[in-house]
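# Overview (structure and organization)
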Amino acid sequence: MTLNITDINKSFEGLQALTDITFSVKEGELFGLIGPDGSGKTTLFRIITTLLLPDRGEVNLFGINVLENYKKIRQLVGYMAGRFSLYHDLTVEENLKFYATVFGTTIEKNYDLIKDVYCQIEPFKTRKAGKLSGGMKQKLALSCALIHKPKLLVLDEPTTGVDAVSRMEFWEMLKRLQKRGITILVSTSYMDEASLCDRVGLIQKGNLLSVNKPEKIITEYQKELLSVSSDNLYKLVNDLRSEKNTHSAFLFGQSVHLTRKDQNITAEQVVKYLQHNGHENIRVKVIKPGIEDCFMDLMNEEDEVLLSG
Amino acid sequence: MRTILYLIQKELLQILRNKTMLPIIFIVPIIQLLVLVHAATLEMKKIDMYIVDKDLSSTSRGIVQKFESSPFYYVNHHSFSIQDAENELKKGNIDIILHIPFGFESELVKGNNPGLQLLIDAINGTAAGLIQSYTQAVLADYNREIMLKWASPGMKEKPLSIEITRSFWYNPELNYKTYMVPGILVLLVTLIGMILTSLNLVREKELGTAEQINVTPIRKYHFITGKLFPFWIIALFELAFGLFIGKLIFDIPIVGSLGLLFLFAAVYLFAILGVGLFISTLASTQQQVMFINFFFMLLFILMSGLFTPVETMPDFAQVINIANPMAYFMRVNRMILLKGSGFYDVLPEFISVSIYALIVLSLAVWRYRKTV
């Protein structure tokens, strides 16, 4: 195992940010940590990258205790913070050169590794980093995090605030880096990105809900899922939620994904209920669940446990 | 070592690229010297005098004439009513009332030592003190004149009197600019060392670059050295630049050794950079750091003896000044520049500032943490 996280707890002034987090990341794996804003992703990453001390628990990287040997860890880990945190008043090249020097290396030595990312922003290397577009900033930050040839790359929400095309490009770059043997730990609040990871961990309110392969998460989904649509989507969600047999109803684009408490209730019964409530153009069909449905379901369950507990 | 050099290089590059930093470094000293030097005038130009002459004798007229002919006095009011005069004083229209009582001359002739009354507006204590001593000097002068005049021709010996001659050492003409310029240089050096350093450090925190630096293997003392050294250089440059401007515009005397001055400044700056670093650990945004700086700067400046001498402050204030680094440099700068004091003369201050620097720097370095 490359990275072992055992029983990590962290609280800020009485507020529990992380509770008993335990998981491992295998060598060469692309591991995704998925969760909504404020779920504790950044706190966990800051502990892994030696920026923060946990209240309890252990982090081991390549057999080295992160908390005791933080100096060794810093050479092994490349960290890209959620916020763009390079020098705005230095140029692209100066930023890269700065981080290379700080890690005791040069751009030339590791150019091979960053070439794939850096070549896209190299035409703008004399431009100040603060004047770059969002996507280019991302690429520069990734180049800087890679410049010392880290074994583990930790990326905190790298695609937040980046357009859809750049997001896909970014994930392709990560895949290529993974092929070069770099273990990648990435967090995101976009659930659709989960299927791009080898394994994902779902985190909510500081609790790790499940760790699995994306396809496994889907196959473990037990319930039958209905896609329901009608003319008035807003009323549709409300009507479905107020029905006592509804387990969950979430809006997904132009339809509502519905799960029922009693699997014996048929699609026809749903249609009937909706007609009774004055809906028109009702369409109900059974669909295959996506990864987002699974996450919504898992989070929903966790919420209920938390509320009842 | 290579890392430190590179850090310094990067820092200087950022400072030179900063569009507000360069004007601060070059224009601020000139403006401060030109403006602030005039902030504390220690000479009297125009003293508004109200004369209540109830005697109207030749002696009293002689006194009045003496003041009217003086370039420092502006005698615009005459009346017989002390009440009117006091009202004017209360309104703030005049600075001083000279009251000559009825029968002044005849008492004087009889040899009865008659009295004169001076009423001075002492809202500004320093000015009141100056007005009083100027006026007394004029009166004493006149006193001597009439004593000589009235001495009977038959008297062989001159009346006995003590002749006082004065000489103001280190500043013979009591030129307040000579006094102010060294003080303002201290202010400038402190400003650069403390405010710019703490602002720069907190800016890294605010932008998130500090966090990115923290995951690198840079050592704490590498980072701190790389941050403080450029400002140490800039502040010393600022001192040289300020001295040059002071010499050029105000022709201030530079009696002592410049080498000693810069040596002291170098040590003094360690203390000031330490304070800046310490302040930066207390704040997380540039706005906060500005307010904390403002608090310390005000205390340091007003207690330092820039405008009013430390010796006239109450004892507890002088004790507080032990913790005021500016007070040491303020004294030493004037000692070296105006008096030509040598190393052994400033040794006590030198030792104090060295200890100060050691304590503040270690405290600040200890407080500065790479982990958040």
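Residues numbered from 1 in each chain as written. Chains lettered and ligands numbered in written order. Predicted model: local features only at pLDDT ≥ 70, side-chain atom pairs only at ≥ 80, totals over all residues.

## Considering the overall build of chain B
The criterion, for reference: By the criteria applied, helices consist of DSSP H or I runs no shorter than four residues and strands consist of E runs no shorter than two, each listed in order from the N terminus. Throughout, radius of gyration means the C-alpha value; the globule benchmark is 2.2 Å times the number of residues raised to the power 0.38. Each residue is classified by how many other C-beta atoms fall within 10 Å of its C-beta atom, where C-beta atoms are placed from the backbone; a count of 20 or more means buried, 12 or fewer means exposed, and values in between mean partly exposed.
Looking only at helices and strands, one finds 14 helices and four strands in chain B. For chain B, whose C-alpha radius of gyration is 28 Å, the value lies well above the compact-globule estimate of 21 Å for 372 residues. Dimensions of chain B, computed from the C-alpha atoms along their principal axes, are close to 95 × 45 × 35 Å. A burial count over chain B gives 32% of its 372 residues as buried.

## Thoughts on helix 13 (residues 325-339) of chain B
Residues and elements named next belong to chain B. Applicable threshold: One less than the number of residues in a helix, times 1.5 Å, gives the span that helix is expected to have.
Compared with the 21 Å implied by 1.5 Å per residue over 15 residues, the 21 Å span of helix 13 between its first and last C-alpha is a close match. Across the 15 residues of helix 13, 14 count as buried, placing the element largely inside the fold. Gly340 sits one or two residues past helix 13 and shows a positive phi near 75 degrees.

## Observations concerning the nonpolar core
Soluble globular proteins tend to bury their nonpolar side chains together. Applicable threshold: Any nonpolar core is a set of buried residues, restricted to Ala, Val, Leu, Ile, Met, Phe, Trp, Tyr and Cys, that join up through C-beta atoms within 7 Å.
Grouped together as the largest cluster of nonpolar side chains are 133 residues, with contacts concentrated most on Val154(A), Ile184(A), Leu185(A) and Val189(B). Listed in part, the 16 residues of the second largest apolar core include Tyr50(B), Ile51(B), Ile97(B) and Phe104(B).

## A short note on the interface of chain A and chain B
Here is the rule: In this description, any two residues whose backbone-derived C-beta atoms lie within 7 Å of each other are considered to be in contact. Gly is placed with the polar residues, together with every amino acid not listed as nonpolar (Ala, Val, Leu, Ile, Met, Phe, Trp, Tyr, Cys and Pro) or charged (Asp, Glu, Lys and Arg).
Contact residues are listed per partner, giving 22 residues for chain A and 18 residues for chain B. Considering only residue class, the side of chain A that touches chain B consists of twelve nonpolar, six polar and four charged.

## Let's talk about the sheet that holds strand 1 (residues 3-12) of chain A
Residues and elements named next belong to chain A. Rule in force here: Two strands make a pair as long as DSSP finds a minimum of two bridges between them.
The strand order 2-1-4-5 describes an open sheet built from four strands, whose pairing is antiparallel. Sheet topology places strand 2 (15-25) and strand 5 (64-65) at the edges, where each strand pairs with a single neighbour. Here strand 1 runs beside strand 2; their pairing, made up of seven bridges, is antiparallel. Its bridge partner lying in strand 2, Ser11 is registered against Gln16.

## Looking at the sheet that holds strand 14 (residues 283-287) of chain A
Residue and element names in this part refer to chain A. Rules: Note on geometry: axes are lines fitted to C-alpha atoms, helical ones only across the stretch in contact, with angles between N-to-C directions running from 0 to 180 degrees.
What the four strands build is an open sheet, ordered 12-13-11-14; its pairing is antiparallel. Looking at strand neighbours, the two that pair on one side only are strand 12 (246-252) and strand 14, the edges of this open sheet. Strand after strand, the sheet turns through a mean of 25 degrees between neighbouring axes, direction not considered. Both strand 11 (residues 225-229) and strand 13 (residues 255-260) contribute to a ladder of three bridges, which runs antiparallel.

## Here we look at the packing of helix 3 (residues 92-102) of chain A against helix 5 (residues 134-146) of chain A
Relative orientation and spacing of two packed helices are given, respectively, by the angle between their axes and the distance between those axes. Residues and elements named next belong to chain A. Note the following rule: Here is the rule for angles: anything less than 35 degrees is roughly parallel, anything more than 145 is roughly antiparallel, 65 through 115 is roughly perpendicular, and the remaining ranges are oblique. Handedness of a crossing follows from how the near helix is turned relative to the far one, being left-handed for an anticlockwise turn of less than a right angle and right-handed for a clockwise one.
Where helix 3 meets helix 5, the closest approach of the two axes is 8 Å, and the angle between their N-to-C directions is 20 degrees. Taken together, the axes of helix 3 and helix 5 lie roughly parallel to each other. Crossing geometry of helix 3 relative to helix 5 is assigned as right-handed. Touching Val92, Asn95, Leu96 and Tyr99 of helix 3 are Leu140, Ser143 and Cys144, all from helix 5. Across the contact of helix 3 with helix 5, the residue classes tally to five nonpolar, two polar and no charged.

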